[in-house]
2 protein chains.
Amino acid sequence: MGYELYYWPIQGRGEFARLILEDAGADWVDVCRARGGMAKMQAILDGARPELLPFAPPFLHADNFWLAQSALIASFLGERLGLAPESESQRLVARTIMLTIADLMNEVHDTHHPLSVDKTYEKQRAAAAERATGFRTSRLAKFTDYLERNLERAGTGVLVGNAVSYVDLAAFQIVEGLRYAFPRAFAAHATKLPRLIALHDTIAMRPRIAAYLASERRIPFDETGIFRHYPALDDPAPKPKRKPAKARAKARAASRR
Amino acid sequence: MGYELYYWPIQGRGEFARLILEDAGADWVDVCRARGGMAKMQAILDGARPELLPFAPPFLHADNFWLAQSALIASFLGERLGLAPESESQRLVARTIMLTIADLMNEVHDTHHPLSVDKTYEKQRAAAAERATGFRTSRLAKFTDYLERNLERAGTGVLVGNAVSYVDLAAFQIVEGLRYAFPRAFAAHATKLPRLIALHDTIAMRPRIAAYLASERRIPFDETGIFRHYPALDDPAPKPKRKPAKARAKARAASRR
């Protein structure tokens with residue numbers, strides 16, 4: 001039997017699992033994108049499976065295992081599908097990094113939902129602008145520098161051990177998401193993240209990942225997910241520089257012709 | 001060798017680990033409460049250990065293992081110290097519940113820090129009041145009902161399997177914390193949580209937990225932790241009921257004497 005992933009039809013917190021399943025060439029189903037999937041997911045949230053009562057999607061079914069929580073699902077899949085370090089000590093480090101990436105996802109979510117998870121972004125714009133400013137000026141750098149420093153620590157081009165693991169796929173997704181949601185703020189800091197950008201590019205070229213990204217199985221980013229692009233929450237556009245007086249006079253003269 | 005727990009000298013996210021270590025009677029050190037511990041923790045945050053570069057406390061050292069993230073530390077300790085289910089499927093369910101409890105901790109934290117993790121509560125009081133209202137009226141019930149329903153699902157008086165595990169100790173801590181931080185809001189909902197309250201009371205009576213709670217090793221709750229009691233963030237005090245007109249006249253007459 002293959003893997004059943006239960007998650008909304010957005011990238012969101014389900015995308016870590018999708019990238020692992022795709023990179024491993026696993027037999028899997030994205031339940032909510034199949035006919036009747038949403039109702040099936042809702043039934044399990046309502047208690048239809050005695051094995052697990054999930055708090056929220058994503059959750060995963062594999063053989064006789066049922067589990068929820070995006071970071072746990074990622075570690076479980078990575079360790080089963082050959083995308084994790086072998087040693088117990090390195091597996092614990094990988095799980096630690098994966099959970100820290102999940103924390104970053106929470107903080108990205110809170111940039112557009114700082115006051116209430118139950119109200120829309122449009123109902124909390126002012127607070128979102130304030131929270132996003134703190135994210136851009138402090139937290140974005142703290143989290144991405146953490147990944148950069150871990151790459152430096154490992155010294156092998158990957159985050160843990162010496163082969164690509166599920167945390168590297170997750171780091172790829174973080175770069176994709178930050179570039180989508182905060183294009184200016186991320187670009188301004190990315191010059192300090194050469195190892196992370198190189199890792200991102202390495203992952204993007206893996207044949208199964210490249211095929212997945214080019215397929216319609218990859219759901220596009222949009223403003224219903226975790227990574228949302230609201231220009232008001234990104235760095236402001238740089239003001240166009242005023243031309244020197246001489247150039248202004250020349251432009252005025254030219255416009256008169 | 002025993003266990004070294006690195007965490008600030010507050011309950012916070014370190015308390016899940018402390019409760020497990022105490023209940024198991026483990027040989028352990030609360031590093032930051034020993035002389036020179038804070039400097040030792042800072043050195044590791046700055047990269048002194050090649051095994052692990054933590055994002056933030058808590059982190060744990062055990063034999064040749066180094067790991068961070070409160071939920072991962074709790075699962076690791078519970079599974080090593082005989083406070084976890086035996087089967088892999090139930091271990092995954094326990095890890096899922098532990099991570100959901102860690103999510104609740106994040107939402108409790110955000111009631112007093114909705115706009116910025118870098119600014120004090122006093123600088124974000126109005127936003128905190130709004131976020132706390134949503135927490136009290138929606139999220140508190142959603143999370144505690146989740147625990148209650150899992151107790152009902154298991155049908156054994158504990159959250160997973162048929163013996164007390166680390167997630168039950170964590171659920172105990174959640175009840176303690178919510179009672180401290182939101183005494184009115186929690187009391188109003190607790191009538192719907194008979195199984196969770198019974199579990200709390202069972203855990204409190206375990207001999208090593210009772211001894212720990214009575215000792216000075218248990219750090220008191222205060223307003224530097226995650227569970228903070230700010231009356232402005234809890235339910236408002238009920239207004240004293242106006243006495244009926246007859247009683248008021250009687251009281252007036254009495255006061256004239």
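Here the structure is a predicted model, which is why all the values come from computation and not from measurement.

Quick notes on the pattern of salt bridges
All names here are of chain A. Evaluated as defined, the whole model comprises 34 salt bridges over all chains. Among the ionic pairs, Glu51 bridges to Arg49, the shortest N-O distance being 2.7 Å. According to the relative accessible area criterion, Glu51 is partly exposed, its value standing at 29%. In this structure, the salt-bridge partner of Arg95 is Glu79, at a minimum N-O distance of 2.9 Å. One end of the pair, Arg95, is in helix α4 (residues 88–112); the other, Glu79, is in helix α3 (residues 70–80), and 16 residues separate them in sequence. Several salt bridges share partner residues, and in doing so they unite Glu15, Arg18, Asp30, Glu176 and Arg218 into one network.

A closer look at the confidence of the model for chain A
Low-pLDDT stretches of the model should not have their predicted coordinates read in fine detail. The pLDDT averaged across chain A works out to 94; a share of 95% of its residues lies at or above 70. Interface predicted TM-score (ipTM) for the complex: 0.92; the corresponding pTM is 0.93.

Structural notes on the interface of chain B and chain A
At the interface, 45 residues of chain B touch 45 residues of chain A. Both sides together, the interface formed by chain B and chain A hides about 4,100 Å², and carbon and sulfur atoms give 59% of it. Three residues, Leu53, Phe55 and Leu115 of chain B, lead the burial of chain B against chain A; their summed loss comes to 19% of the area buried on that side. Where chain B meets chain A, there are two salt bridges. Ionic pairing is found between Glu130 of chain A and Lys119 of chain B, a salt bridge with its closest N-O pair at 3.6 Å. Broken down by secondary-structure element, the contributors of at least two residues to the side of chain B that touches chain A are β4 (65–68), α3 (70–80), α4 (88–112) and α5 (125–154) of chain B. Partitioned by chemical class, the residues of the side of chain B that touches chain A number 21 nonpolar, ten polar and 14 charged.

Observations concerning the relation of the copies chain B and chain A
The two chain copies are connected by a rotation around an axis plus a translation along it. Overlaying chain B on chain A yields an RMSD of 0.1 Å, the required transformation being a rotation through 180° with an accompanying axial translation of 0.0 Å. Both chain copies can therefore be described as sitting about a two-fold axis. Minimal C-alpha separation from the rotation axis in chain B is found for Pro114 of chain B, amounting to 2.9 Å. Taken as a fraction of all interface residues of chain B, those also at the interface in chain A reach 100%, which identifies the copy contact as same-surface.

Considering the side chain of Gln124 of chain A
Residues and elements named next belong to chain A. In this structure, Gln124 sits in the loop between α4 and α5 (125–154). When its relative accessible area of 3% is taken as the criterion, Gln124 is described as buried. Engagement of the side chain of Gln124 in a polar contact is seen with the backbone nitrogen of Leu115, the distance being 2.8 Å. Setting aside chain neighbours within four positions, we find Gln124 in contact with His112, His113, Pro114, Leu115, Ser116 and Lys119.

Regarding the pairing of strand β1 (residues 3–6) of chain A
Residue and element names in this part refer to chain A. Burial along β1 is two-sided: the residues Tyr3 and Leu5 and Glu4 and Tyr6 are all buried. Note: β1 against strand β2 (residues 28–30), three bridges, orientation parallel. Opposite Leu5, over in β2, you have Asp30 as the bridge partner. In terms of handedness, the path from β1 via helix α1 (residues 15–23) over to β2 forms a crossover that is right-handed.

A look at the packing of aromatic side chains
Counted according to the given criterion, the structure contains 18 aromatic pairs over all chains. With centroids separated by 3.9 Å and ring planes inclined at 15°, the aromatic side chains of Tyr121 of chain A and Tyr230 of chain A adopt a geometry described as stacked. Taken together, the residues span a long stretch of sequence, with Tyr121 of chain A in the loop between α4 and α5 and Tyr230 of chain A in the loop between α9 (207–214) and α10 (245–256) at a distance of 109 residues. Comparing Tyr121 of chain A with Tyr230 of chain A, the two get one shared label, buried. These aromatic residues form a ring-pair network of at least three members: Tyr6, Phe59 and Trp66 of chain A. For Lys142 of chain B, the ring lying beneath its charged end belongs to Phe55 of chain A, and the centroid distance is 4.7 Å.

Digging into α3 of chain A
Residue and element names in this part refer to chain A. Along α3, ten of the eleven residues are buried, which leaves the element largely enclosed by surrounding structure. If you check which residues of α3 are buried, you get Ser70, Ala71, Leu72, Ile73, Ala74, Ser75, Phe76, Leu77, Gly78 and Glu79. Once α3 finishes, Gly82 follows within two positions and takes phi at roughly 75°, a positive value.

As for unusual backbone geometry
Residue and element names in this part refer to chain A. A cis amide bond, omega 0°, links Pro57 with the succeeding residue Pro58. Its location among the elements puts Pro58 in the loop between α2 (37–45) and β3 (59–62). The backbone of Asp63 sits at a positive phi, close to 55°, despite the residue not being glycine. Along the chain, Asp63 turns up in the loop between β3 and β4 (65–68).

So, the sheet that holds β1 of chain A
All names here are of chain A. Taken together, the four strands give an open sheet; going across it, the order is β2-β1-β3-β4, and neighbouring strands pair in mixed fashion. In this open sheet, the two strands that pair with only one neighbour each are β2 and β4. For this sheet the average axis-to-axis angle between neighbouring strands, irrespective of direction, equals 15°. With four bridges connecting them, β3 and β4 associate as antiparallel partners. Paired with Leu60 across the bridge in β4 is Leu67.

What about the layout of surface pockets?
As a volume, the second largest pocket reaches approximately 260 Å³. Along the wall of the second largest pocket there are 15 residues; nearest its centre are Leu72, Ser75 and Arg95 of chain A together with Leu92 and Arg95 of chain B. For the lining of the second largest pocket, the secondary structure elements donating two or more residues are α3 and α4 of chain A together with α3 and α4 of chain B. Top element by residues in the lining of the second largest pocket is α3 of chain A. It accounts for six residues. Taken together, the residues of the lining of the second largest pocket sort by class into eight nonpolar, two polar and five charged.

Parameters and conventions
Residues numbered from 1 in each chain as written. Chains lettered and ligands numbered in written order. Predicted model: local features only at pLDDT ≥ 70, side-chain atom pairs only at ≥ 80, totals over all residues. Heavy atoms only, no water. Salt bridge = Lys/Arg side-chain N within 4 Å of Asp/Glu carboxyl O. Buried < 20%, exposed > 50% of the residue type's maximum accessible area, 1.4 Å probe, protein only. Helix = DSSP H or I, 4+ residues; strand = E, 2+ residues; numbered from the N terminus. pLDDT = per-residue confidence, 0-100. Contact = heavy atoms within 4.5 Å. Buried area = accessible area lost by both parts, 1.4 Å probe. Nonpolar A, V, L, I, M, F, W, Y, C, P; charged D, E, K, R; others polar. Least-squares fit on C-alpha atoms with pLDDT ≥ 70 in both. Polar contact = N/O pair within 3.5 Å; in protein donor to acceptor, adjacent residues only side chain to side chain. Pairing = 2+ DSSP bridges. Right-handed = clockwise from strand over helix to strand, strands pointing away. Phe/Tyr/Trp six-rings, centres within 6.5 Å; stacked < 30°, edge-to-face > 60°. Lys NZ or Arg CZ within 6 Å of the ring centre and 35° of its normal. Axes fitted to C-alpha atoms, helices over the stretch in contact; angles between N-to-C directions. 1 Å grid on protein atoms, 1.4 Å probe; cavity = no way out; pocket = protein on both sides within 12 Å on 5 of 7 lines; lining within 4 Å. Points joined across faces, edges and corners; volume = space filled by probe spheres on them.

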